[in-house]
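In case you want the letters, here they are:
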Amino acid sequence: MSKMTKIDIIARPEKLEELKGALNAIGVQGMTVSQVFGCGLQKGHTEVYRGQEYSVNLLPMIKLETVVCEVLVEDVLETARQTLQTGRVGDGKIFVYTIDDCMRIRTGTRGSRAIIDDEVVDE
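An account of the accompanying structure is given in this report. Predicted model only: the values in this text are computed from it and were never measured. (Residues numbered from 1 in each chain as written. Predicted model: local features only at pLDDT ≥ 70, side-chain atom pairs only at ≥ 80, totals over all residues. Heavy atoms only, no water.)

## Describing the packing of aromatic side chains
- In this structure the tally under the stated criterion is 0 aromatic pairs.
- The cationic tip of Lys-6 hangs over the ring face of Tyr-97; the distance from NZ or CZ to the ring centre is 5.9 Å. (Phe/Tyr/Trp six-rings, centres within 6.5 Å; stacked < 30°, edge-to-face > 60°. Lys NZ or Arg CZ within 6 Å of the ring centre and 35° of its normal.)

## Re the sheet that holds strand E6 (residues 92-99)
- With antiparallel pairing, the 4 strands of this open sheet are ordered in space as E2-E5-E1-E6. Edge positions in the sheet fall to strand E2 (32-38) and E6, since each has one partner strand and no second. Averaged over all adjacent pairs, the angle separating strand axes in this sheet is 20°, with direction ignored.
- As judged from the 8 bridges shared by strand E1 (residues 4-11) and E6, these two strands associate in the antiparallel manner. Residue pairing in the sheet places Thr-5 in a bridge with Thr-98 of E6.
- Packing of helix H1 (residues 16-25) onto the sheet brings it into contact with E1, E2 and strand E5 (59-68), and relative to E5 it is tilted by some 10°. (Pairing = 2+ DSSP bridges. Helix = DSSP H or I, 4+ residues; strand = E, 2+ residues; numbered from the N terminus. Axes fitted to C-alpha atoms, helices over the stretch in contact; angles between N-to-C directions. Contact = heavy atoms within 4.5 Å.)

## So, the nonpolar core
- By size, the foremost hydrophobic cluster in this structure holds 14 residues, and its most contacted members are Ile-9, Leu-19, Leu-23, Leu-64 and Val-76.
- Among the secondary structure elements, those contributing two or more residues to this core are E1, H1, E5 and helix H2 (73-84).
- In contact with Leu-19, not counting residues within four places along its chain, are Ile-9, Leu-64, Ala-80, Thr-83 and Leu-84. (Core = buried A, V, L, I, M, F, W, Y, C linked by side-chain atoms within 4.5 Å. Buried < 20%, exposed > 50% of the residue type's maximum accessible area, 1.4 Å probe, protein only.)

## A few points about the environment of Ile-115
- If you trace the backbone, Ile-115 turns up in helix H3 (residues 113-116).
- A residue is classified by how much of its surface remains accessible, and Ile-115, at 30% relative accessible area, is partly exposed.
- Between the C-alpha atom of Ile-115 and that of Val-67, which follows or precedes it by 48 residues, the distance is 7.7 Å.
- Residue contacts for Ile-115: discarding those within four places in its chain leaves Met-4, Val-67, Cys-102 and Arg-104.

## Digging into the state of the cysteines
- Inspection of the entire model under this criterion finds 0 disulfides.
- Among the cysteines around Cys-102, which has no disulfide bond, Cys-69 carries the closest sulfur, lying 7.9 Å off.
- With a relative accessible area of 21%, Cys-102 lands in the partly exposed category. (Disulfide = S-S within 2.5 Å.)

## Some thoughts on H1
- Among the residues of H1, those classed as buried are Leu-16, Leu-19, Ala-22 and Leu-23. Along the axis of H1, the buried positions cluster into a sector of 130°, meaning they face one direction only. Exposed and facing more than 90 degrees away from the buried side of H1 are Glu-17 and Ala-25.
- Looking one or two places after H1, you find Gly-27, whose phi comes out positive at around 100°. (Arc of directions from axis to C-beta.)

Structure representation (structure tokens):
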């Protein structure tokens, strides 16, 4: 069984399409994307609405999750960094995890075969 690695990328929402394209170009096929809110070093900002000042301390971000076993993790990290880096606070973070096992629910296939086998069946 090939080594499986999960990569979570937290980034600016406006970078999503560019990131998806860059990851597809290096062979990353499957991914899950969620809209999330968070704060890091920037701690949010202050806005004024109808004369009232209020603090926005959770900023909208996207979270892209993928599991890879044939694509090199370093390639994913470098591609994401090059795509997402603006040099400003709030560019995001990337987290890397080791995956012990997985299962394709439809077939019961386990391990890396559940990720890389392209057994598409017309229903």
